[in-house]
Amino acid sequence: MVEITENVPCTLTPPEVFFVERPDQVAVAKALCADCPVRAACLAGATERGEPVGVWGGELFVDGVAVPFKRGRGRPRKVPVAV
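Residues numbered from 1 in each chain as written. Predicted model: local features only at pLDDT ≥ 70, side-chain atom pairs only at ≥ 80, totals over all residues. Heavy atoms only, no water.

**Some words on the pattern of salt bridges**
Tallied over the entire structure, the rule returns two salt bridges. Note that Arg22 and Asp24 form a salt bridge whose closest N and O atoms lie 2.9 Å from each other. The exposure class assigned to Arg22 is partly exposed, which follows from its relative accessible area of 46%. One salt bridge in this structure joins Glu51 and Arg49, with 2.7 Å as the shortest N-O distance. For Glu51, a relative accessible area of 15% gives the class buried. (Salt bridge = Lys/Arg side-chain N within 4 Å of Asp/Glu carboxyl O. Buried < 20%, exposed > 50% of the residue type's maximum accessible area, 1.4 Å probe, protein only.)

Here you go:
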């Protein structure tokens, strides 16, 4: 087990930052984890526990699985959007 120090982002930031809905907010939470010294251990622990939601170890968990991004609310578009 890895001992969490006081200098990691999750102890210096309100927990709500890591449990957000909007993609831009998820990106902020992931960025906070980028240089964390316990990132790998955090991700491994979250995967082992099957964390249901949140950003853990720089990865987004939805329904206990790490996903690359959070899908928007509602139904997907039938027609692709021009970028």
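**Here's the deal with the environment of Val38**
Its place among the elements puts Val38 in the loop between helix 2 (23–33) and helix 3 (39–49). A relative accessible area of 12% means that Val38 is categorised as buried. Residues Val38 and Gly57, spaced 19 residues apart in sequence, show a C-alpha to C-alpha distance of 7.7 Å. (Helix = DSSP H or I, 4+ residues; strand = E, 2+ residues; numbered from the N terminus.)

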